[in-house]
Amino acid sequence: MKIGIVCYPTFGGSGVVATELGLALSKRGHEVHFITYKQPVRLDQLSSNVKFHEVHVPNYPLFHYQPYELALSSKLVDMVKLHEIEVLHVHYAIPHAYAGYMAKKMLEEEGITIPMVTTLHGTDITLVGNHPFYKPAVTFSINASDVVTSVSESLKKDTLELFNIKKNIEVIPNFIDVSKYDRKGFKDCQREMMAENNERIITHISNFRKVKRIQDTIKVFYQVQKRINSKLMMVGEGPEKEKAEKLVEELGIEDKVMFLGASYEIDKILCFTDLFLLTSKRESFGLAALEAMINSVPVVSSNAGGLPEVNKQGVSGYLCDVGDIDDMTEKSLLIIEDPEKLKEFKRNAKKVAETFDINHVVPKYEAVYQNLLEKKSIKKMEY
Ligand code: GMT
């Protein structure tokens, strides 16, 4: 099949999922076209059946806001025609489902039918999409998609509660390429460069937005480090970083907290990590937690949204109420204080992550595309 993928090319989970999906599809023989405003961060292997088409949004002095949707839908029309793309898969409803729908309509005028799959990722529903300024357009474009998928049961529930959705929403969870981790193992892990032997390493990775409550992460760590020798790695960039740095200073733990920036070496950081903290207020899935778990890192997270579908209570880690710093502290210590327990949690975290193997998930998307193409050809025959 020839599949066009639209996503945000940045460090966010939706872009990572879209990129990994596209790469996996290409390995299964499909021709994949990424249509994005920048080369996606995890797209490091362009090949004969993985192509990247850049959406240019030219600056014009009259525009206070650059019309990204317009440029994207025009690019989609051109690329569908040029490469005979058969199905569009847009990730993140805003504004990709809207732009995809416009492209679909323009193509229809030229006698080209292209089905569109929209995958909902989280904040496009629970945070941004739900804003009254966007809601009518988001509702419309979800309903106008040929197939809608969501990355967790929890996100499906939220979508149905928050929007007037007339479509079935299929849950296809996020995934991880387990084989990549089996091959890599812990061979090149240079833990000694980051911490002493008797120190525990705790990590948090996110885009440091308000929804991640990174101040909670720091407060939990502050309490933990009083009881056990430990370090905190804060990985990412975002609007809450400055406040977080200030808090670290106020608490007097600058020597124990490292801000590593937005890193391309997530697996390397996770390979020397003992515990992952994810204290979010909302999380439709929590891909970062899954990436930690596949690297054998147990997770203490909030119990928000889809996190209980990923992090298994008492097995891969613990789930606590949002903002419950004391409980998160106790649960973290429960995992890292006893070396035997830590080993067991590490093993379990990996086992749970393995159930999200890419090989179980990609066929589900393939089936969605195939089904749409079959429907399209039946319709053609009817005419
Ligand atoms: O978490 C973010 O802020 C980034 C956001 C995104 O759109 O990239 O992540 C969302 O999609 C990820 C991939 O499906 C999920 O794993 C995250 O849980 C979800 N974030 C939220 O719901 C806050």
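Quick caveat: nothing in here was measured; it's all calculated off a predicted structure.

A. Structural detail: the overall build of the chain. Helix and strand counts for the chain stand at 15 helices and 13 strands. Relative to the globule expectation of 21 Å for 383 residues, the C-alpha radius of gyration of the chain, 22 Å, shows essentially globular dimensions. Referenced to the eigenvectors of the C-alpha coordinate spread, the extents of the chain come out at roughly 70 × 45 × 35 Å. Here the chain holds 383 residues, and 54% of them are scored as buried. Looking at charge distribution, the chain has the averaged site of its 49 positive side-chain charges lying 2 Å from that of its 52 negative ones.

B. Expanded view of the sheet that holds strand S5 (residues 116-120). The parallel open sheet is built from seven strands, whose spatial order is S3-S2-S1-S4-S5-S6-S7. Strands at the two margins of the open sheet, each flanked by one partner only, are strand S3 (50-54) and strand S7 (169-171). The sheet shows a mean angle of 25° between the axes of neighbouring strands, taken without regard to direction. Strand direction decides the pairing type here: strand S6 (residues 147-150) and S7, joined by three bridges, are parallel. Note on S7: the bridge partner recorded for Ser-150 is Val-171. In the packing of helix H1 (residues 13-27) onto the sheet, contacts are made with strand S1 (2-6), strand S2 (31-36), S3 and strand S4 (87-91), and the angle to S2 comes to roughly 155°. Those strands touched by helix H6 (residues 153-162) are S5, S6 and S7, and its axis lies near 165° from that of S7.

C. Broad picture of the nonpolar core. Of all hydrophobic cores here, the largest spans 73 residues; its most connected members are Phe-276, Leu-290 and Tyr-369. The two domains that each donate at least three residues to this core are domain 1 (2-175 + 358-382) and domain 2 (179-354). What Phe-276 contacts, discounting residues up to four positions off in sequence, is Thr-203, His-204, Ile-205, Leu-270, Ala-288, Ala-289, Ala-292, Val-297, Pro-298, Val-299 and Val-300. With 27 residues, the next largest nonpolar core counts Phe-221, Leu-232, Leu-247 and Ile-325 among its residues.

D. Quick look at the pairing of strand S8 (residues 200-205). Counted residue by residue, S8 has six buried out of six residues, so it is predominantly covered. Burial along S8 is two-sided: Arg-200, Ile-202 and His-204 facing one way and Ile-201, Thr-203 and Ile-205 facing the other are all buried. Two strands pair when backbone bridges link them, and S8 and strand S9 (residues 230-235) are joined in this way by six bridges, in the parallel orientation. When the sheet's bridge partners are listed, Thr-203 is paired in S9 with Met-233. As paired elements, S8 and strand S11 (residues 275-278) share two bridges and run parallel to each other. Opposite Ile-202, over in S11, you have Leu-275 as the bridge partner.

E. View of the pattern of salt bridges. Considering all chains together, one arrives at 18 salt bridges under this definition. A salt bridge links Lys-157 to Glu-161; the shortest N-O distance between them is 3.5 Å. Of this pair, Lys-157 and Glu-161 both sit in helix H6, four residues apart, roughly one helical turn. Neither residue differs from the other here; Lys-157 and Glu-161 are each classed as exposed.

F. Representation of the pairing of S2 in the model. Counting buried positions over the six residues of S2 gives five, a clear majority of the element. Strand direction decides the pairing type here: S1 and S2, joined by four bridges, are parallel. Within S2, the position partnered with Ile-5 by the bridge is Phe-34. Handedness of the crossover joining S1 and S2 through H1 is recorded here as right-handed. When S2 meets S3, the two strands line up parallel, connected through five bridges. By the bridge assignment for S3, His-33 is matched with Lys-51.

G. Broad picture of the site of the ligand. Close to the ligand lie 18 residues, the nearest being Ser-14, His-121, Arg-209, Lys-212 and Glu-283. One nitrogen or oxygen atom from the main chain of Gly-13 is found 2.9 Å from an oxygen atom belonging to the ligand. Note that an oxygen atom of the ligand is positioned 2.4 Å from one of the side-chain N or O atoms of Arg-209. In isolation the ligand has 480 Å² of accessible area, and contact with the protein removes 95% of it. Of the residues assigned to the shell around the ligand, the class counts are four nonpolar, ten polar and four charged. Both domains that meet at the shell around the ligand, namely domain 1 (2-175 + 358-382) and domain 2 (179-354), each give it at least three residues.

Conventions and cut-offs
Residues numbered from 1 in each chain as written. Predicted model: local features only at pLDDT ≥ 70, side-chain atom pairs only at ≥ 80, totals over all residues. Heavy atoms only, no water. Helix = DSSP H or I, 4+ residues; strand = E, 2+ residues; numbered from the N terminus. Rg over C-alpha atoms; globule rule 2.2 N^0.38 Å. Buried < 20%, exposed > 50% of the residue type's maximum accessible area, 1.4 Å probe, protein only. Lys, Arg positive; Asp, Glu negative; His and termini not counted. Charge placed at Lys NZ, Arg CZ, Asp CG, Glu CD. Pairing = 2+ DSSP bridges. Axes fitted to C-alpha atoms, helices over the stretch in contact; angles between N-to-C directions. Contact = heavy atoms within 4.5 Å. Core = buried A, V, L, I, M, F, W, Y, C linked by side-chain atoms within 4.5 Å. Domains from an automatic or database assignment. Salt bridge = Lys/Arg side-chain N within 4 Å of Asp/Glu carboxyl O. Right-handed = clockwise from strand over helix to strand, strands pointing away. Near = heavy atom within 4 Å. Polar contact = N/O pair within 3.5 Å; in protein donor to acceptor, adjacent residues only side chain to side chain. Areas by Shrake-Rupley, 256 points an atom, 1.4 Å probe, with all protein chains shown as cover. Nonpolar A, V, L, I, M, F, W, Y, C, P; charged D, E, K, R; others polar.

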